[in-house]
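Each chain, written out:
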Amino acid sequence: MLGNNVLGILFAYVHEERVRDLTEMRVMASVPYGGRYRLVDFPLSNMVNSGLNKVGIITEANYQSLMDHLGSGKAWDLSRKREGLYLLPPFGKTVSRTDGKIESLDSIRRFLKNSLEKYVLLSDCDTVCNIDYREAISQHVSSGADITIIYRHGDSPDVDRNTIFTLDPSGRIIEMLIHRGSERDVNYGMGMYIVGREKLLELVESCMSRNEYDLDRDMMRVVHELKVMGFEFKGTAYQITSFGAYFEANMALMEPKIRAELFNPNRPIYTKVRDDMPAKYGLDSNVSNSLVADGCVIDGEVENCVLFRGVKIGKGAKVRNCVIMQDSVIGENSRLDYVVTDKNVEVEANRTLMGYQTYPVFIAKESKV
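Residues numbered from 1 in each chain as written. Predicted model: local features only at pLDDT ≥ 70, side-chain atom pairs only at ≥ 80, totals over all residues. Heavy atoms only, no water.

## Comments concerning the sheet that holds strand S19 (residues 306–307)
Taken in spatial order, the 5 strands make up an open sheet running S16-S19-S22-S25-S28, and their pairing is parallel. Unpaired on one side and paired on the other, strand S16 (291–292) and strand S28 (361–363) mark the two borders of the sheet. Bridge count for S19 against strand S22 (residues 323–324) is 2 bridges, and the pairing is parallel. Within S22, the position partnered with Leu307 by the bridge is Ile324. (Pairing = 2+ DSSP bridges. Helix = DSSP H or I, 4+ residues; strand = E, 2+ residues; numbered from the N terminus.)

Written out as structure tokens, the structure reads:
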């Protein structure tokens, strides 16, 4: 299988500053999503489903939650005697830059040199999508490209930096620009690259010799020197670029078509298993258009919500348009609308919390309201 000759590298910490509320006590990769998943589950599962059997995850700080979630990699069939899953903290370095991927790759240079795979697939962990990397890898090999960049076409996210591409009719990237803010009808990057392992080591060494740490800017430098191809991903994808974007990505799961595409049974999204009882619904409960994970106990009203494992909704409580994370408790007769609670939050009885669709209220982990 072609994927066996590809090494996967995930950047667990990239773009944490965009959702600082959610990443204050965890890395971007371990941000909860969709009732039972973490963001890292999507790129990691995509790699496994594409035939990769060796994946390294580069972390920075606050990665205890990520380690607890990943464990030995058994849930992704990466607990092996040979190859498998590798957690790669920067060796003696502090990656203080949001664009410091080159420095991170330099810190794992020994890991890259000792690997035997011919190609490397690099990916951020801030995008929710179900992509078959085999198509991109096949194109990369058949085209003889030095680098293949996976991109989307449409309106780019409204963030401080987007990488915008111009392609010729053959699909070769002839120009790269970094833009601030959203642009309409453009080709923009998804933070995913395929590159030869030896070529990647050359690029890292070249950048470090010039004290340059930005991978995208280095791609801009070499786009006219090397054969850089683009691969367009046309499926559903949600990039977590802000707290609002995170809320929208969860709410999008209410659409059956979106769920069917993200959770394609032919390319399943794996996650850590937590054995728990089925959700329990009280006699006076009323639940509509919601995702309810196992272990929940619901005695109130729930509408248009994502409830993670172990959530408890008290009698008389009305919860609408909310994302309630693991083991949170909503007290009796409380009312919540457009609220996101982190794990282990307790909302006492008779409380009212109201946000707005474009500005949901956030309650920090282990808070008591």
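## Points about the packing of aromatic side chains
Taken as a whole, this structure holds 10 aromatic pairs when the rule is applied. Residues Phe243 and Phe362 carry aromatic rings whose centres are separated by 5.4 Å and whose planes lie at 75° to one another, so their mutual orientation is edge-to-face. One end of the pair, Phe243, is in helix H9 (residues 243–251); the other, Phe362, is in strand S28, and 119 residues separate them in sequence. Here the aromatic residues Tyr33, Tyr37, Phe42 and Phe263 are joined through ring pairs into a cluster of three or more. Looking at Arg36, its charged tip hangs above the ring of Tyr37, at a distance of 5.4 Å from the centre. Sitting above the plane of the Phe11 ring, Lys101 keeps its charged end 5.3 Å from the centroid. (Phe/Tyr/Trp six-rings, centres within 6.5 Å; stacked < 30°, edge-to-face > 60°. Lys NZ or Arg CZ within 6 Å of the ring centre and 35° of its normal.)

## What to know about the side chain of Ser115
Relative to the assigned elements, Ser115 resides in the loop between helix H5 (109–114) and strand S6 (119–124). Under the relative-accessibility criterion, Ser115 is labelled buried at 1%. Within the structure, the side chain of Ser115 is placed 2.8 Å from the backbone oxygen of Phe111, a separation counted as a polar contact. When sequence neighbours within four positions are dropped, the list of residues in contact with Ser115 reads Leu7, Lys54 and Arg197. (Buried < 20%, exposed > 50% of the residue type's maximum accessible area, 1.4 Å probe, protein only. Polar contact = N/O pair within 3.5 Å; in protein donor to acceptor, adjacent residues only side chain to side chain. Contact = heavy atoms within 4.5 Å.)

## Brief notes about the sheet that holds strand S15 (residues 286–288)
In space, the 5 strands of this open sheet follow the order S15-S18-S21-S24-S27, with parallel pairing throughout. Across the chains shown, the open sheet's two edge strands, defined by having one partner strand only, are S15 and strand S27 (352–354). Ignoring strand direction, the axes of neighbouring strands in this sheet form an average angle of 5°. Looking at chain direction, strand S21 (residues 318–320) and strand S24 (residues 335–337) are connected through 3 bridges and run parallel. Looking at the pairing, Arg320 lines up with Asp337 of S24. (Axes fitted to C-alpha atoms, helices over the stretch in contact; angles between N-to-C directions.)

## Comments concerning the confidence of the model for the protein
This prediction gives the protein a mean pLDDT of 90; 96% of its residues lie at or above 70. Of the regions scoring below 50 in pLDDT, residues 94–98 engages in 13 contacts with residues more than four places distant in sequence or in other chains. (pLDDT = per-residue confidence, 0-100.)

## Quick notes on the pattern of salt bridges
Using the criterion set out here, one finds 18 salt bridges in the structure. Between Arg134 and Asp132 there is a salt bridge, and its shortest N-O distance comes to 2.9 Å. A salt bridge links Asp294 to Arg309; the nearest nitrogen and oxygen atoms lie 3.5 Å apart. Placement of Asp294 in the loop between S16 and strand S17 (297–298) and of Arg309 in the loop between S19 and strand S20 (312–313) is noted, with a sequence separation of 15 residues between them. We classify Arg309 as buried; its relative accessible area is 6%. What emerges from the salt-bridge pattern is a single network uniting Arg274, Asp276 and Asp327. (Salt bridge = Lys/Arg side-chain N within 4 Å of Asp/Glu carboxyl O.)

## Topic: the nonpolar core
If you look at the biggest cluster of nonpolar residues, it comprises 35 residues, and the most contacted ones within it are Ile9, Leu105, Leu122 and Ile147. Examining the composition of this core, we find that 6 residues originate from one element, helix H7 (residues 197–209), more than from any other. Counting 32 residues, the second-largest nonpolar core is a separate cluster that includes Cys129, Ile131, Ile194 and Ala237. (Core = buried A, V, L, I, M, F, W, Y, C linked by side-chain atoms within 4.5 Å.)

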